[in-house]
Amino acid sequence: MYDLDSLTTFADVMHSGSLTVSARRLGVAKSTLSRRIAHLEAQLGQPLLRRQANRLLPTEAGSLFLGYAREMLQIAECSQRTLDDLRAEISGEVVIEVHSALARGWMARQAEHFLAQHPQAQLVLRTLQAPPLASDANAIYVWLGEIDECGLRQERLGWLTYGIYASPDYLSRHGTPQHPRDLRRHDWIDRLGEAEKGMVLRHPEHGGYPLPASTSRLQVDQLVLHADAIVRSQGLGLMPHWMAQLRLRHHPGSLVPCLPDWQAPAQPITLLYPYGHQPRKIAALLEQLRHAVPEAWQIATPASPGLAICS
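Quick caveat, the model's predicted, so the values are computed rather than measured. (Residues numbered from 1 in each chain as written. Predicted model: local features only at pLDDT ≥ 70, side-chain atom pairs only at ≥ 80, totals over all residues. Heavy atoms only, no water.)

As for the nonpolar core
The biggest cluster of nonpolar side chains holds 56 residues, and the ones touching the most others in it are Ile140, Val142, Ile164 and Trp297. For this core, the element with the most residues is helix H5 (residues 100–117), which contributes seven residues. Core analysis: the next-biggest nonpolar cluster, separate from the first, contains 18 residues, Ala11, Met14, Ile37 and Leu66 among them. (Core = buried A, V, L, I, M, F, W, Y, C linked by side-chain atoms within 4.5 Å. Buried < 20%, exposed > 50% of the residue type's maximum accessible area, 1.4 Å probe, protein only. Helix = DSSP H or I, 4+ residues; strand = E, 2+ residues; numbered from the N terminus.)

Things to note about the environment of Ser172
Within the secondary structure layout, Ser172 lies in helix H6 (residues 168–174). Note on Ser172: relative accessible area 58%, which makes it exposed. Within the structure, Ser172 has its side chain in polar contact with the backbone oxygen of Asp169 (distance 2.7 Å). (Polar contact = N/O pair within 3.5 Å; in protein donor to acceptor, adjacent residues only side chain to side chain.)

Observations regarding the pairing of strand S8 (residues 200–203)
Only one face of S8 is buried: it carries Leu201 and His203, and the other face, with Val200 and Arg202, is open. Sheet topology note: the S8/strand S9 (residues 207–210) ladder contains four bridges and is antiparallel. Bridged to Arg202 within S9 is Gly208. Where S8 folds back on S9, the antiparallel hairpin that results is connected by three residues. (Pairing = 2+ DSSP bridges.)

Observations regarding the layout of surface pockets
A probe as big as a water molecule, rolled over the atoms, marks out the empty space that is left. Taken as a whole, the largest pocket spans an internal volume of roughly 1000 Å³. Residue lining of the largest pocket: 29 residues in total, with Glu77, Arg153, Tyr275, Gly276 and His277 positioned closest to the centre. In terms of residue count, helix H4 (residues 60–85) provides more of the lining of the largest pocket than any other element does, seven residues in total. Considering only enclosed or pocket space, the second largest pocket measures out at about 430 Å³ in volume. If you trace the second largest pocket, you find 18 residues lining it, with Gly105, Arg109, Met243, Leu246 and Arg247 closest to the centre. Among the elements of the structure, H5, helix H8 (223–231) and helix H9 (241–250) are those that each provide at least two residues to the lining of the second largest pocket. (1 Å grid on protein atoms, 1.4 Å probe; cavity = no way out; pocket = protein on both sides within 12 Å on 5 of 7 lines; lining within 4 Å. Points joined across faces, edges and corners; volume = space filled by probe spheres on them.)

Concerning unusual backbone geometry
Residues other than glycine seldom take positive phi values, yet Ser233 does so here, at roughly 65 degrees. Mapped onto the fold, Ser233 is located in the loop between H8 and strand S11 (237–240). On the accessibility criterion, Ser233 (14% relative accessible area) is buried. Positioned with a positive phi, Leu259 is a non-glycine residue whose angle comes to about 50 degrees. Considering the arrangement of structural elements, one finds Leu259 in the loop between strand S12 (256–258) and strand S13 (264–273). Classification of Leu259 by relative accessible area gives buried; the value is 7%.

Things to note about the packing of aromatic side chains
Inspection of every chain in the model, using the stated rule, returns five aromatic pairs. With a centroid separation of 4.9 Å and an interplanar angle of 55 degrees, the aromatic rings of Trp106 and Trp297 are classed as tilted. Of the two residues, Trp106 sits in helix H5 while Trp297 sits in the segment after helix H10 (280–291), which places them 191 residues apart along the sequence. A single burial state applies to Trp106 and to Trp297, both of which are buried. When the ring of Tyr209 is compared with that of Trp262, the centres are 6.3 Å apart and the planes differ by 75 degrees; the resulting orientation is edge-to-face. Linking Tyr209 in strand S9 with Trp262 in the loop between S12 and S13, this pair joins segments that are 53 residues apart in sequence. In this structure Trp262 comes out as buried when scored by relative accessible area, which is 7%. Through a chain of ring-to-ring contacts, the aromatic side chains of Tyr2, Phe10 and Phe65 assemble into a single cluster. One cation-aromatic arrangement involves Arg156 over Trp159; the distance from NZ or CZ to the ring centre is 5.0 Å. (Phe/Tyr/Trp six-rings, centres within 6.5 Å; stacked < 30°, edge-to-face > 60°. Lys NZ or Arg CZ within 6 Å of the ring centre and 35° of its normal.)

Below, the structure written as structure tokens:
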């Protein structure tokens, strides 16, 4: 009997041609992948891969065995799915840990929907202040921002695009900036030290312009608090277009976009969960979250943040 982890490793390396790439994608060490392939080759009694320059290429045996490996993996997945479907109810506890920016609005609604659909399930919803470092078989994670390899499967849900917003009252008192250089004379509401770090605003015709680094009189660590401060005329600030449009639906006229042709870098939204077969309760929640991604998160590329503002 072939080990499924070894078959998965072999199929992935055949696709990538690199132990480094596959190790990053599968979330395990290169040495572990090497041992799995060596074990598989020992079982078969012949080499499956050969090195040429910086790539791993299949031997004749490797090319032949790949089809069988994929069939065995598919059979294993189908059999497990069929057995899972025998259970009538999705039940038990699921832990969702989500970036604080997405917890109150989007994730809270998804949690309510999941509980309504599955009366025997229980959810534990927690906010994340830092990327997950370890996996839990009964947990999934949603992170906003860049993230390194952490031993979990990473699935991109979308991107948050950002623009500069202010309240109408603030602009009536202080004027509307016409160019990023005008921001130096405006009060700035900072989130997590973004203004101190500095960033580049981009224009489709004029290229990049460094956002003036400044010391903000008000710093917050949550997007909701940040948006509240902007609406209460405390200053200008970067807000996700998605969040601004949601607020405008409920409170028309409370926000005004400034410098709409200048866009800040988009941030990826990533769904993280353990490798391997998922319990039915986890698989059901993952599928729900994939289908619940707002249209505003689904931009073509992070380099074109102005394409999708409303959802």
